[in-house]
Every structure is written in structure tokens, then in C-alpha cells.
Amino acid sequence: MKELLKKLIQAESTPDKGELAAAEVISAELGRSGIDSRIDSWDQTRANIIAQVKSAGHKAALLFACHLDVVGPGEAAWEKPAFGGVESDGKIYGRGSADMKGGIAAIVTAISRVVDSGTKLQGDIVFAAAAGEETDSCGARRFISDSGRLPEFVGVVIPEPTDFEIITAHRGMLWLEVATKGKAAHGSTPHLGVNAITSMRSVLDELENYEIAAEPHKLLGECSMSINTIAGGKALNVVPDKCSIGIDIRTLPAQNHQDIITDLEKNFAKLKAGNSQFDAEVSVLRQVQALETDCLCDFVKDFCSAVQDSKTKAVGFTTDGPYFASLGAPVVIFGPGKPQLCHKPDEYIQISDVEKAAEYYKNIILKFLT
Ligand SMILES: [Zn+2]
């Protein structure tokens, strides 16, 4: 299992390099236990991998849904090489070790062990590892768009790093760009142009006091909004014809993303009514719905008993979970690795945690599928 994790880290599945090499590592590993997998690949380097262990079919299937991609190494220096898969002090270091190649190594190992043991399954195990979770969820969207091929699921387990906490809820994410349009002119004759940066000032003033209407959620707290990027102007002697900001909105399960966009557009239409030169457009850069699985449903209760824990929690980060929830099955996030190490230099995972996770996943498979 250690060797599998090292190879997955070395496969360097960043947005630049794509996921195909990591998918091939998994395909070879599953093949050693005689498990067929299908690599769905596009744009030369992008890939999802899907494997289905067939059963007698008397029970609904269980889906383990992972992501193959990792974020880049970042600007800060690493002590250990980011893609070396170096082992030291009982840990394996490297980008993706915690998020989430440790979880992938554990579930692939668990599935192989169940198959190798000859256990008779009553429901299918489906394993999917998708592309692009860190950027645009393209792989998860592609996977669910092909749902005609999929069996009915009793539930979905996402082996993301939760340090073995059972997560049933997270906020959604709505990333918007607001762009103001103006008219370029020479910097010495600004009256001949329309300054897009000046228009953006009106947008910023409007947003300063703007609040998204939403009742706080008992587990997830408030909806939040923060303007985190701004860009505008090309040269000091040119009146800018475009200025844009990026807004990071974290949403709650009851909120409809389109309602938020429509409300913002209404506000900008009012600004335009007061100033005909004002022109602003809202576009969606990325969105993931919030996740809320009913903690009292049978799947969560049985999951808790399989891992011998009774507490479920909510977290601040988002996952591809809501895409998999759209298949109509409850989703639980549960895996090895500390979430606070994700996306940081010298990311690592304890080897003992990966081993522990493989045991948990095996017990989960046996609980639901035998
Ligand atoms: Zn992740």
C-alpha cells in the first residue's frame, strides 16, 4: 500500500500535468487482483477511472468517490521534494499525500483485499476517481452525466482527509466575476472615454453594504461573501475599458445560487438606471452546491456503527460530494489525513493512518455489501 501511495504521488497529477498517469497507476494495482477498470480519458492528459466489482446483486451498490488531481506545489519552499513520495519517520511526504492519495491508496487496497479474500458480495463495489476536483469538478460532472451506466447506490463514501471524522455537511461555493465595461481613450483625454475602474468603484460601494439574505444553518453557520481579486487597466496612459473583481461566496444548503446571481444583477441594473455609462456583468467562474446529508438516515447510522463512532460533523471546505449526492444517495466524507496539511508545503500522511483507513473501508464494504 505504501508503494502504491508513493507511485500515486510521483504521478504528479497537477492541473498542468493531468490525471492520466495517476489513473494508470490505479488501473495496474486493481489489475493485480483481477479487477477490471475503465479509464475515461480526454484532452490527452485528463482522466477519470472507474471500477465496478460485480456481486450477486441482491443489495444496492456502494460508491467510493475520490479525486485524482492535486493542487500545485505552491510558492513556498518544501524540505522534502513535492512529488518524490519520500518516506520518513512513519510518514509519506508529497503533494496529495493527504489530499487525497492516502485515501485512494487505502480504498484501492481495501477493495483488493476484499476481492482477494473471495468474500461473496451481495452488492457491487463501485470505485471512481475523478479529474479536476481542485479546479472545476470536470471529472465528477463527467462521471454523473454518464449515470445511465451506474447501479443504484445505498450510499457514497468520499475518502477525503477528515482525520477519521464523519462529515455529513459542508457549505457550497459560488465564485463570481463582476466585470465593468468602459470605453478606452487616451489618458490625456479621459472625457472621451468611460473609465471601467470608476464604474467598479460604484460596484464596490454597492457591495460594501450588501448582505446575502440567508438564515444561519445550525451546523454550517452563516453564508459568507468576500471580494478576493481585482484587475483593471492596461497602461498608465490609457483609460481602462475593463475592470473585474472575483467574489468568493460560501453558501448554505437552503440557498439557490441563481437567486444570488439574479439579486446582484438587479442591484447593478439599478446603478445603470442612475448612470447610463455604467455597465457591469456577472459571470459564474465556479460553483459547487452545499452538502447536507440527513444524519439520522439509515446509511449514516449504519456507517457510524461500521466505524464505531457516533458523532457526525460539518466542515468548512467543499468537496465534489454534492455532485455525487445528485445520484440520489446519501454522502459521507471520511478518510485518513489531517485536513490542515492540505495544499501546504511538506504535506504528509502517517502510514499508520492509511493502514487504519484500509481496515475501516474493508469493514464498511462488509457492513453494506455482505
Ligand atoms: Zn481533496
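Everything numeric in this text was worked out from a predicted model, so none of it was measured. (Residues numbered from 1 in each chain as written. Predicted model: local features only at pLDDT ≥ 70, side-chain atom pairs only at ≥ 80, totals over all residues. Heavy atoms only, no water.)

Draft legend 1. Here's a closer look at the environment of methionine 1. Among the secondary structure elements, methionine 1 is positioned in the segment before helix H1 (2-10). Owing to a relative accessible area of 26%, methionine 1 belongs among the partly exposed residues under this scheme. Spatially, the C-alpha atom of methionine 1 lies 31 Å from that of aspartate 298, the residues being 297 residues apart in sequence. (Helix = DSSP H or I, 4+ residues; strand = E, 2+ residues; numbered from the N terminus. Buried < 20%, exposed > 50% of the residue type's maximum accessible area, 1.4 Å probe, protein only.)

Draft legend 2. Layout of the nonpolar core. Among the nonpolar cores identified, the biggest contains 55 residues, and Phe127, Phe303, Tyr361 and Ile364 are the most heavily contacted of them. Non-local contacts of phenylalanine 303, meaning those with residues more than four positions away in its chain, are made with Val157, Ile166, Val332, Phe334, Ile364 and Phe368. (Core = buried A, V, L, I, M, F, W, Y, C linked by side-chain atoms within 4.5 Å. Contact = heavy atoms within 4.5 Å.)

Draft legend 3. A look at the sheet that holds strand E9 (residues 172-181). Ordered by their spatial adjacency, four strands build an open sheet running E11-E13-E9-E14, and the pairing between neighbours is antiparallel. The outermost strands of the open sheet, each flanked by one partner alone, are strand E11 (224-232) and strand E14 (280-288). Averaged over all adjacent pairs, the angle separating strand axes in this sheet is 20°, with direction ignored. Sheet topology note: the E9/strand E13 (residues 242-251) ladder contains 10 bridges and is antiparallel. The residue bridging threonine 180 from the neighbouring strand is cysteine 243, located in E13. Sitting on the sheet, helix H5 (residues 196-208) is in contact with E9, E11, E13 and E14, with an inclination near 20° to E13. (Pairing = 2+ DSSP bridges. Axes fitted to C-alpha atoms, helices over the stretch in contact; angles between N-to-C directions.)

Draft legend 4. Local environment of the coordination of the zinc ion. Looking at the zinc ion, one finds its protein donor set to be His67 (NE2), Asp99 (OD), Glu160 (OE) and Glu160 (OE), positioned 1.9 to 2.7 Å from the metal centre. Every donor counted, the four donor atoms about the zinc ion form angles of 53 to 146° at the centre, which fits irregular coordination. Here the donor residues of the zinc ion are spaced in sequence according to H-x31-D-x60-E. Pair noted here: histidine 67 is in strand E3 (residues 61-67) and aspartate 99 is in helix H3 (residues 97-116), with a separation of 32 residues, a long-range link. (Donors = N, O, S within 2.8 Å, 3.2 Å for Na, K, Ca; no water. Tetrahedral: all angles 85-135°; square planar, octahedral: opposite > 155°, others 65-115°.)

Draft legend 5. Looking closely at unusual backbone geometry. Look at the link from aspartate 99 to methionine 100: it is a cis peptide, with omega at -10°. Within the fold, methionine 100 resides in helix H3. Despite not being glycine, glutamine 44 has its phi angle at roughly 65°, a positive value. Relative to the assigned elements, glutamine 44 resides in the loop between strand E1 (37-42) and strand E2 (46-53). Accessibility expressed as a relative area gives 73% for glutamine 44, which makes it exposed. We note that aspartate 163 has phi near 55°; this positive angle belongs to a residue other than glycine. Relative to the elements of secondary structure, aspartate 163 occurs in the loop between strand E7 (153-158) and strand E8 (166-170).

Draft legend 6. Region of the structure containing the packing of H1 against H3. Where H1 meets H3, the closest approach of the two axes is 9 Å, and the angle between their N-to-C directions is 140°. By the angle class used here, H1 and H3 are oblique. The two elements H1 and H3 cross, and the hand of that crossing is right-handed. Facing H1, whose interface residues are Leu4, Leu5, Leu8 and Ile9, H3 presents Ser97, Lys101, Gly102, Ile104, Ala105, Val108 and Thr109. Counted by class, the contact of H1 with H3 contains seven nonpolar, three polar and one charged residues. (Parallel < 35°, antiparallel > 145°, perpendicular 65-115°, else oblique. Left-handed = near helix turned anticlockwise from the far one by under 90°. Nonpolar A, V, L, I, M, F, W, Y, C, P; charged D, E, K, R; others polar.)

Draft legend 7. Here's a closer look at the sheet that holds strand E18 (residues 348-350). Across the sheet, three strands lie side by side as E4-E5-E18; this open sheet has antiparallel pairing. The strands lining the two open edges of the sheet, one partner per strand, are strand E4 (87-88) and E18. Here three bridges tie strand E5 (residues 91-93) to E18, and the two strands are oriented antiparallel to one another. When the sheet's bridge partners are listed, lysine 91 is paired in E18 with glutamine 350. In this fold H1 packs onto E4, E5 and E18, with an angle of close to 15° to the strand it touches most, E5.

Draft legend 8. Looking closely at the side chain of arginine 250. If you trace the backbone, arginine 250 turns up in strand E13. One polar contact links arginine 250 to aspartate 248, side chain to side chain, over a distance of 2.7 Å. Those residues in contact with arginine 250 that sit more than four places away from it in its chain are Arg171, Gly172, Met173, Trp175, Cys223, Ser224, Gly316 and Thr318. (Polar contact = N/O pair within 3.5 Å; in protein donor to acceptor, adjacent residues only side chain to side chain.)

Draft legend 9. Quick look at the packing of aromatic side chains. What the rule picks out here adds up to 10 aromatic pairs. Taken together, a centroid distance of 5.8 Å and an interplanar angle of 70° make the contact between phenylalanine 64 and tyrosine 361 edge-to-face. In this pair, phenylalanine 64 sits in strand E3 while tyrosine 361 sits in helix H9 (residues 351-369), placing the two residues 297 residues apart along the sequence. Taken individually, phenylalanine 64 and tyrosine 361 each receive the classification buried, so the pair is uniform in this respect. Site record: aromatic cluster; members linked through ring pairs are Phe64, Phe164, Phe299, Phe303, Phe334, Tyr360, Tyr361 and Phe368. Above the plane of the ring of tyrosine 93 lies lysine 80, whose end atom (NZ or CZ) is 4.5 Å from the centre. In this structure, lysine 91 packs its charged tip against the face of tyrosine 348, placed 4.8 Å from the ring centre. (Phe/Tyr/Trp six-rings, centres within 6.5 Å; stacked < 30°, edge-to-face > 60°. Lys NZ or Arg CZ within 6 Å of the ring centre and 35° of its normal.)

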